[in-house]
Amino acid sequence: MSDSIFNTAVTTLMNPLQRALVEKAGHDHGFEHVVASEPDGVLLASARHVATAQVVVQPAGGYLLRLRAETPALLPEMRRSFPQHRQTDGFSADTVASLATLLRRAAGLARALPSQAANDYEATVARQLAQLPPNLGGTEVERLVRQRVGQQKFREAMLDYWGGACAVTAVALPEVLRASHAKPWVECASDAERLDVFNGFLLVANLDALFDRFLISFDDDGGLLISPTLTDEIRSHLGLHSGMALRWLSDAHRVYLALHRTRLQGAGG
């Protein structure tokens, strides 16, 4: 099998049922296209992101998932999300259901992480501007379109990255979740910075409002920091307590949080 795109050290043939189940898992969970199919596995891709997924059958049973992406952050995020599935050259899945979970998370990250969100944003802006009547053109209209599309794309990326749940409470009700910037939208130096999924957190509405007003922040371990201007009574009513923390935190988040903490109200700079 030296010519195989999968380059497996030990070849295990994938039977027709396994192949059908893997392809369906890919189609339903973010890798809808079968790019290549070989005796030992399947190569999956998507029109919505640039990551690819190689799925092969393991000799001892189950599947091995290998991911390829232009976004360097994807593999570290996957390893953090699924430490129990980590292998030297990919991620193991005992069942198709487990494989589907890995594929769904990988697709969500591939859509959310830089620079896929920025690419989607530029394409959407160009398409919407092209659809405007000639008399509605102009700099101000373009600015408004860019802001509206950018906020929409940022929210979509945050929902993908955080798995549709609050970064602190894990509440998974989209109606009460907000995409909150650490470095404010208007202060960002570029669209890439505005759309950087690490420049913010998906938060329930009350935490979003407090974070946006620099009344709460987070330390480098993800622990909640609360402005001393909030009294114990207010903290109680808002459900705030010192033990609250982000569900996870990456080094890329810490860069933006360092800036956000300098503006935490009443914290002495």
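Right above here is the structure, for reference.
These numbers come from a predicted model, not from an experiment.

Trainee: Give me the environment of S242: which residues, what numbers.
Mentor: Among the structural elements, S242 can be located in the loop between helix 8 (232–238) and helix 9 (251–261). Considered as a pair, S242 and L224 are 18 residues apart in the sequence and their alpha carbons are 6.2 Å apart.

Trainee: Kindly report on the pattern of salt bridges, identifying the contributing residues and their values.
Mentor: Scanning the entire structure with this criterion turns up 13 salt bridges. Measuring nitrogen to oxygen at the nearest pair gives 3.1 Å for the salt bridge that ties R111 to D160. Of this pair, R111 sits in helix 3 (residues 96–112) while D160 is found in helix 5 (residues 139–161), placing the two residues 49 residues apart along the sequence. A salt bridge links D191 to R194; the nearest nitrogen and oxygen atoms lie 2.9 Å apart. Of this pair, D191 and R194 both sit in helix 6 (residues 191–194), separated by 3 residues, roughly a single helical turn. On the basis of relative accessible area, R194 is assigned to the buried category, the value being 17%. Look at the salt bridges and you will find they share partners, linking E142, R146, D191 and R194 into a network.

Trainee: Which residues make up the packing of aromatic side chains, and what values do they have?
Mentor: Geometry of an aromatic ring pair is reported as the spacing of the ring centres plus the angle between the planes. One pass over the full model with this rule turns up 8 aromatic pairs. Taking the centre distance of 5.8 Å and the plane angle of 40° together, the rings of F211 and F218 count as tilted. A single burial state applies to F211 and to F218, both of which are buried. Three or more aromatic residues joined by ring pairs make a cluster, and in this case those are Y161, W162, F198, F201, F211, F218 and W248. Positioned above the aromatic ring of W248, the side-chain terminus of R80 is 3.9 Å from the ring centre. Directly above the ring of Y161 sits R105, whose terminal nitrogen or CZ lies 5.6 Å from the centroid.

Trainee: Provide a residue-level description of helix 2 (residues 74–81), including the pertinent values.
Mentor: Taken residue by residue, helix 2 has L74, E77 and M78 as its buried positions. On an axial view of helix 2, the arc spanned by its buried residues comes to 100°, and they lie on one face. Looking at the packing, one finds that the buried side of helix 2 touches strand 4 (63–68), strand 6 (90–93), helix 3 and helix 5.

Trainee: Which residues make up the sheet that holds strand 5 (residues 86–87), and what are the values?
Mentor: Strand order in this open sheet of 6 strands is 1-2-3-4-6-5, and the pairing throughout is antiparallel. Each of the sheet's edge strands pairs with one partner strand only, and the pair in question is strand 1 (33–38) and strand 5. Relative to strand 4, helix 3 is tilted by about 10°, and along the sheet it contacts strand 3 (52–57), strand 4 and strand 6.

Trainee: Describe the pairing of strand 2 (residues 41–45), listing the residues and the values that go with them.
Mentor: Most of strand 2 sits out of view: 5 of its 5 residues are buried. A two-sided burial pattern is seen for strand 2, the buried positions comprising G41, L43 and A45 on one face and V42 and L44 on the other. Both strand 1 and strand 2 contribute to a ladder of 5 bridges, which runs antiparallel. Bridge pairing in strand 2 places H33 opposite A45. The hairpin turn running from strand 1 into strand 2, its antiparallel successor, is 2 residues long. Note that strand 2 and strand 3 share 4 bridges and pair antiparallel. In the sheet register, L44 faces strand 3, and the bridge partner there is A53. Here strand 2 folds back onto strand 3 in antiparallel fashion, the turn holding 6 residues.

Cut-offs used in this document
- Each chain carries its own residue numbering, running from 1 in the written order of its sequence.
- Local features are withheld for residues below a pLDDT of 70 in this predicted model, meaning they are given only at 70 or higher, and side-chain atom pairs are given and counted only at 80 or more; totals for whole chains, interfaces and linings count all residues.
- Working from all heavy atoms in the structure, the side-chain values ignore hydrogens and water.
- Think of it this way: any DSSP run of H or I at least four residues long counts as a helix, any run of E at least two long counts as a strand, and we number them from the N terminus.
- Each reported salt bridge corresponds to a side-chain nitrogen of Lys or Arg within 4 Å of a carboxyl oxygen of Asp or Glu.
- Three labels apply to residues, based on accessible area from a 1.4 Å probe with only protein chains included: buried if under 20% of the type maximum, exposed if over 50%, partly exposed otherwise in between.
- When two rings of Phe, Tyr or Trp (its six-membered ring) have centres within 6.5 Å they constitute a pair, described as stacked for plane angles under 30 degrees, edge-to-face for angles over 60, and tilted for the intermediate range.
- Our definition puts a charge over a ring when NZ of Lys or CZ of Arg is within 6 Å of the ring centre and also within 35 degrees of the ring normal.
- Directions are taken from the helix axis to each C-beta atom, and the arc is the one they span.
- We call two residues in contact when some of their heavy atoms are within 4.5 Å.
- Here, strands pair whenever DSSP counts at least two bridges between them.
- Lines fitted to C-alpha atoms define the axes here, with helix axes fitted over just the stretch in contact, and angles between the N-to-C directions of these axes take values from 0 to 180 degrees.

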